[in-house]
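Per-entry structural report
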Amino acid sequence: MNPYFSILIVLIYLGLILWVSYFSSRKSGTADFYRGGNKSPWWVVAFGMIGTTLSGVTFISVPGWVSSPAKMTYFTVILGNFVGYLLIAQVLLPLYYRLNLTSIYAYIGERFGFRAYKTSAALFLLSKTIGASFRLFIVTLVLQITIFSPLNIPYAVNALFCVAVIWAYTFKGGIKAIVWTDLVQTFFLIFAVVFTIFSIQKALDFSFPEMVKRIGENPQFLVFDFGNLWSNPNHFLKQFIAGIFIAIVMTGLDQDMMQKNLSLKNIREAKKNFLTFSVISIPVCFIFMCLGVVFFIYMNQTGIPIPAKTDSIYPMIATQYLNTTTGIFFMLGVIAAAFSSANSALIAMTTSFTVDLYGVQNKTEDEKKKIRFYTHIGCALLLALVMIAFSSFNNESVVYAIFKFAGYTYGPLLGLFFVGILLKTKVRDKAIPFIAASSIALTISIDHYSVVLLNGYQFGFEILLFNGALTVMGLLLFRENKN
């Protein structure tokens with residue numbers, strides 16, 4: 001695609017998002033920034049959460065994964081997610097609403113103490129900074145290839161531009177603006193995928209029933225893998241159980257995702273939103289993986305070799321082999337995927353820093369606005385700097401290793417909430433930062449040497465559960481005596 005035409009598409013889309021943001025947050029105050037005045041419509045939040053959970057990694061990477069040996073086994077994780085979402089709706093949401101929380105980590109403070117509170121908030125900020133930067137980085141690479149590089153513009157400008165746009169439409173309205181802009185962005189994200197499938201169907205001259213039949217008969221259409229449980233990281237049981245806890249940790253224990261739910265009127269609306277989102281997410285994710293099978297069929301039919309980096313499959317086919325309209329919707333989907341996950345992450349980071357670490361609760365309204373303003377700018381710049389750092393590595397294995405590290409930091413959060421909610425144990429508050437750090441270090445070491453230490457065992461996504469278990473053991477080891 002012509003880079004100048006791509007720029008026009010981007011500017012039109014950004015104009016739409018800024019317009020939606022402006023009209024949805026015209027009368028927003030400080031409280032609206034954090035919780036949207038508790039007036040968000042549940043159905044808008046439910047649909048918008050689809051885009052946030054998918055993110056740029058799902059949009060770009062998941063269709064490509066289908067061409068790898070893992071095939072469609074990631075769908076097992078999605079089914080596990082559904083069970084995790086049900087647990088969130090029945091256990092965590094009622095807890096958060098009963099305590100009337102702005103930041104969910106305040107619960108850890110009430111349950112264990114000051115150091116536990118600060119530790120949980122710091123773990124979230126570390127995880128979210130790396131995770132959000134990585135997800136935005138993956139998508140901005142596509143923009144770099146299609147727009148910025150042809151115009152000889154360095155990646156740093158790309159990163160700063162994208163983060164500046166996200167800051168611009170979130171700085172005033174906060175969560176209130178995000179709820180409505182995510183509605184628009186989720187629509188474009190899903191529409192781009194569906195449109196691409198029909199474009200390939202037309203290019204291959206298949207009828208829709210024939211396309212469905214070809215997908216089902218394709219060897220890549222392997223949803224469940226019941227191979228060797230011990231050495232197979234994609235085994236159904238590992239993936240399903242991991243999916244449950246991934247949902248609990250990365251949604252239920254994540255300020256980013258929960259902040260939208262806390263912007264609703266009451267717990268009844270929150271549950272309605274969450275259950276709707278849970279049901280819709282399954283077919284949406286399945287469509288993404290079916291797109292990967294369609295790509296596999298298309299490349300085999302047309303003789304296009306499968307690239308070594310499967311992340312490049314969707315951008316390559318959409319912009320080089322299919323019609324211009326498909327390329328346009330792909331570009332819109334890329335931008336939507338990038339912004340829908342990064343915008344809420346930026347608000348959540350701002351909220352967690354100002355409320356959890358800085359503590360603005362006792363400040364005047366003017367002081368709160370000032371602190372929030374500068375924190376919001378600081379978090380935006382931090383995201384951009386981490387993205388620029390990722391690009392400077394120029395080594396995919398290093399970047400993925402850093403992203404994986406962000407996943408390790410969610411384990412202690414799982415352990416803290418597990419003990420806090422299910423057990424009545426009191427833990428020495430001073431020990432909790434050391435327990436969290438030790439759990440992360442041990443998990444990284446054991447994961448790295450698991451094949452040797454555990455006689456060929458390979459961890460999959462269930463490493464999160466192992467990490468959480470180590471934290472629980474540490475918390476029980478340092479419990480306070482009853483007397």
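The preceding data block contains the structure.
Residues numbered from 1 in each chain as written. Predicted model: local features only at pLDDT ≥ 70, side-chain atom pairs only at ≥ 80, totals over all residues. Heavy atoms only, no water.

Let's shift gears to the overall build of the protein chain. Helix and strand counts for the protein chain come out as 20 helices and zero strands. Its C-alpha atoms give the protein chain a radius of gyration of 22 Å, within 12% of the compact-globule value 23 Å for 483 residues. In terms of overall dimensions, the protein chain has C-alpha extents of about 75 × 60 × 45 Å along its principal axes. Buried residues in the protein chain amount to 57% of all 483 residues. Across the protein chain, contacts joining residues at least 24 apart in sequence account for 83% of those joining residues at least 6 apart. Measuring between centres, the 35 positive side-chain charges of the protein chain sit 7 Å from its 20 negative side-chain charges. (Helix = DSSP H or I, 4+ residues; strand = E, 2+ residues; numbered from the N terminus. Rg over C-alpha atoms; globule rule 2.2 N^0.38 Å. Buried < 20%, exposed > 50% of the residue type's maximum accessible area, 1.4 Å probe, protein only. Contact = heavy atoms within 4.5 Å. Lys, Arg positive; Asp, Glu negative; His and termini not counted. Charge placed at Lys NZ, Arg CZ, Asp CG, Glu CD.)

Time to look at the nonpolar core. In this structure, Phe59, Tyr96, Phe274, Tyr314 and Phe339 are the most contacted members of the largest nonpolar core, which totals 149 residues. With residues up to four places along the chain from it excluded, the contact list for Phe339 reads Leu14, Cys162, Val165, Ile166, Tyr169 and Gln185. (Core = buried A, V, L, I, M, F, W, Y, C linked by side-chain atoms within 4.5 Å.)

We now examine empty space enclosed by the protein. One pass over the full model with this rule turns up one cavity of 30 Å³ or more. Computed from the structure, the largest cavity encloses a volume of approximately 30 Å³. At the level of secondary structure, the elements contributing two or more residues to the lining of the largest cavity comprise α1 (3-24), α7 (155-170) and α14 (324-358). When the residues that make up the lining of the largest cavity are grouped by side-chain class, the tally is seven nonpolar, no polar and no charged. (1 Å grid on protein atoms, 1.4 Å probe; cavity = no way out; pocket = protein on both sides within 12 Å on 5 of 7 lines; lining within 4 Å. Points joined across faces, edges and corners; volume = space filled by probe spheres on them. Nonpolar A, V, L, I, M, F, W, Y, C, P; charged D, E, K, R; others polar.)

As a further point, take the side chain of Asp356. Within the fold, Asp356 resides in helix α14. Apart from the residues lying within four places of it in its own chain, the contact partners of Asp356 are Ser103, Tyr105, Ala106, Tyr117, Lys118, Ala121 and Thr351.

With that settled, consider the environment of Ile287. For Ile287, the position within the fold is in helix α12 (residues 267-302). Residues Ile287 and Gly174, spaced 113 residues apart in sequence, show a C-alpha to C-alpha distance of 31 Å. Setting aside its immediate chain neighbours within four residues, Ile287 contacts Val193, Val194 and Ile197.

At a minimum axis separation of 7 Å, helix α13 (residues 313-320) and α14 run at an interaxial angle of 140°. Here α13 lies oblique to α14, going by the angle between them. Along the contact surface, α13 presents Tyr314, Pro315, Ala318 and Thr319, while α14 presents Thr326, Gly327 and Phe330. Looking at the contact of α13 with α14 residue by residue, the class counts come to four nonpolar, three polar and no charged. (Axes fitted to C-alpha atoms, helices over the stretch in contact; angles between N-to-C directions. Parallel < 35°, antiparallel > 145°, perpendicular 65-115°, else oblique.)

Further remarks concern the packing of aromatic side chains. Throughout the structure, instances matching the rule amount to 24 aromatic pairs. Measuring from ring centre to ring centre gives 6.4 Å for Phe148 and Phe161, while their planes differ by 55°; the resulting arrangement is tilted. Linking Phe148 in helix α6 (residues 114-148) with Phe161 in helix α7, this pair joins segments that are 13 residues apart in sequence. Note on Phe187 and Phe191: the rings are 5.7 Å apart at their centroids and 20° apart in plane angle, and the pair reads as stacked. On the criterion of helical spacing, the pair formed by Phe187 and Phe191 is a turn pair, its members being four residues apart in helix α8 (residues 175-203). (Phe/Tyr/Trp six-rings, centres within 6.5 Å; stacked < 30°, edge-to-face > 60°.)

Glancing now at the environment of Thr425. Considering the arrangement of structural elements, one finds Thr425 in the loop between α17 (410-422) and α18 (432-448). Looking at Thr425, the relative accessible area reads 18%, which means it is buried. Each C-alpha atom of the pair Thr425 and Tyr96 lies 20 Å from the other, and the pair is 329 residues apart in sequence.

Taking 1.5 Å per residue as the helical rise, helix α15 (residues 365-393) with its 29 residues ought to reach 42 Å, and the 42 Å between its terminal C-alpha atoms agrees with that figure. For α15, the complete set of buried residues consists of Ile371, Arg372, Thr375, His376, Cys379, Ala380, Leu383, Ala384, Val386, Met387 and Phe390. (Expected span 1.5 Å × (residues − 1).)

Look at helix α10 (residues 236-252): 23 Å from first C-alpha to last across 17 residues, which is about the 24 Å you get at 1.5 Å a residue. Of all the positions in α10, only Lys238, Gln239, Ala242, Gly243, Ile244, Ile246, Ala247, Ile248, Val249, Thr251 and Gly252 are classed as buried. On the buried face of α10, the contacting elements are α4 (74-98), α11 (255-261), α12, α17 and α20 (463-477).

What follows concerns the packing of α18 against α20. For the pair α18 and α20, the least separation of the axes is 9 Å and the interaxial angle reads 140°. As summarised for this structure, α18 and α20 are arranged oblique, according to the angle between their axes. Of the two elements, α18 crosses α20, and the hand of that crossing is right-handed. Contacts between α18 and α20 involve Ile432, Ile435, Ser439, Ile440, Leu442, Thr443, Ile446 and Asp447 on the former and, on the latter, Ile463, Phe466, Asn467, Leu470, Thr471, Gly474 and Leu475. Considered class by class, the residues forming the contact of α18 with α20 number nine nonpolar, five polar and one charged. (Left-handed = near helix turned anticlockwise from the far one by under 90°.)

The class for Asp356 is buried, based on a relative accessible area of 0%. Distance in space between the C-alpha atoms of Asp356 and Ile200 is 49 Å, their sequence separation being 156 residues. A distance of 2.6 Å separates a polar atom in the side chain of Asp356 from a polar atom in the side chain of Ser103. (Polar contact = N/O pair within 3.5 Å; in protein donor to acceptor, adjacent residues only side chain to side chain.)

Applying the stated criterion to the full structure yields five salt bridges. Across the pair Asp182 and Lys260 runs a salt bridge whose closest N-O atoms are separated by 2.5 Å. With Asp182 in helix α8 and Lys260 in helix α11, the pair connects residues that are 78 residues apart, well separated along the chain. Side by side, Asp182 and Lys260 carry an identical accessibility label, which is buried. The shortest N-O distance in the salt bridge between Arg214 and Glu210 comes to 3.6 Å. Of this pair, Arg214 and Glu210 both sit in helix α9 (residues 208-217), four residues apart, which is roughly one turn of the helix. Accessibility expressed as a relative area gives 29% for Glu210, which makes it partly exposed. What you see here is one network of salt bridges that share partners, running through Lys128, Asp254 and Asp256. (Salt bridge = Lys/Arg side-chain N within 4 Å of Asp/Glu carboxyl O.)

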